[in-house]
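One-letter residues, chain by chain:
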Amino acid sequence: MKKAIVFAAAAVLMSTNAMAERAGQEVYNTKCAVCHASGAANAPKLGDAAAWGPRAALGVDALLATAKSGKGAMPPKGLCMDCNDTELKGAIEYMLDNSK
């Protein structure tokens, strides 16, 4: 009986985690916009094609690696410590798509 309860609880937690994944726009709005909307600490501003163009040329995977490790004044994951790679990638793609 205890094993069944443990497995049921694990299944609920796993399904909750899967459903909790946030879209790129949501991650941007709740985490990234703090700096990328205003350009704080030299963050490239959303919509600034000149700033994002050279970054876009690097590709999303390279930008993800940079976001995960941090760059300049940006700390690792931009302080979105609860973001997974898919969420970070979505936020990067959102910023790129809105900065052409």
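As a starting point, this report considers the structure included with it. (Residues numbered from 1 in each chain as written. Predicted model: local features only at pLDDT ≥ 70, side-chain atom pairs only at ≥ 80, totals over all residues. Heavy atoms only, no water.)

## Notes on the environment of Ala 73
Mapping Ala 73 onto the fold places it in the loop between helix H4 (60–69) and helix H5 (85–97). On the basis of relative accessibility, which here comes to 56%, the residue Ala 73 falls in the exposed class. (Helix = DSSP H or I, 4+ residues; strand = E, 2+ residues; numbered from the N terminus. Buried < 20%, exposed > 50% of the residue type's maximum accessible area, 1.4 Å probe, protein only.)

## Digging into the nonpolar core
Counting residues in each nonpolar core, the largest one holds 16 residues, and the members touching the most others are Val 27, Tyr 28, Cys 32, Cys 83, Ile 92, Met 95 and Leu 96. Listing elements by their share of this core, those giving two or more residues are helix H2 (24–36), H4 and H5. Of the residues forming this core, the biggest block, six residues, is contributed by H5. Once you skip the residues sitting within four places of it in the chain, Tyr 28 turns out to touch Ala 33, His 36, Ala 37, Leu 46, Ala 91, Tyr 94 and Met 95. (Core = buried A, V, L, I, M, F, W, Y, C linked by side-chain atoms within 4.5 Å. Contact = heavy atoms within 4.5 Å.)

## Comments concerning the pattern of salt bridges
Where side chains of opposite charge bring their charged atoms close, a pairing between them can arise. Within the structure shown, the criterion is met by six salt bridges. Taking the shortest distance from any N to any O, the salt bridge between Lys 89 and Asp 61 comes out at 3.4 Å. Residue Lys 89 is located in helix H5, and its partner Asp 61 is located in helix H4; the two are separated by 28 residues in the primary sequence. Shared partners join several salt bridges into a network, and the residues in it are Arg 22, Lys 31, Asp 82 and Glu 87. (Salt bridge = Lys/Arg side-chain N within 4 Å of Asp/Glu carboxyl O.)

## Some words on the environment of Ser 38
Along the chain, the position of Ser 38 falls in the loop between H2 and helix H3 (49–58). On the basis of relative accessibility, which here comes to 48%, the residue Ser 38 falls in the partly exposed class. In this view, Ser 38 contacts Ala 33 and Lys 45; residues no more than four positions away in its chain are not counted. Within the structure, Ser 38 has its side chain in polar contact with the backbone nitrogen of Ala 40 (distance 3.2 Å). (Polar contact = N/O pair within 3.5 Å; in protein donor to acceptor, adjacent residues only side chain to side chain.)

## What about the packing of H4 against H5?
The contact between H4 and H5 brings their axes to 10 Å, and the two run at 115 degrees. The interaxial crossing formed by H4 with H5 has right-handed handedness. Note on element contacts: H5 touches H4 through Asp 85, Leu 88, Lys 89, Ile 92, Glu 93 and Leu 96, opposite Val 60, Asp 61, Leu 63, Leu 64, Ala 67 and Lys 68. Partitioned by chemical class, the residues of the contact of H4 with H5 number seven nonpolar, no polar and five charged. (Axes fitted to C-alpha atoms, helices over the stretch in contact; angles between N-to-C directions. Left-handed = near helix turned anticlockwise from the far one by under 90°. Nonpolar A, V, L, I, M, F, W, Y, C, P; charged D, E, K, R; others polar.)

## Side note on unusual backbone geometry
Of note in this structure, Ala 41 is not a glycine but carries a positive phi near 55 degrees. For Ala 41, the location among the structural elements is in the loop between H2 and H3. Residue Ala 41 is classed as exposed on the basis of its relative accessible area of 55%. For Asn 42, which is not a glycine, the phi torsion comes out positive at approximately 65 degrees. On the accessibility criterion, Asn 42 (73% relative accessible area) is exposed.

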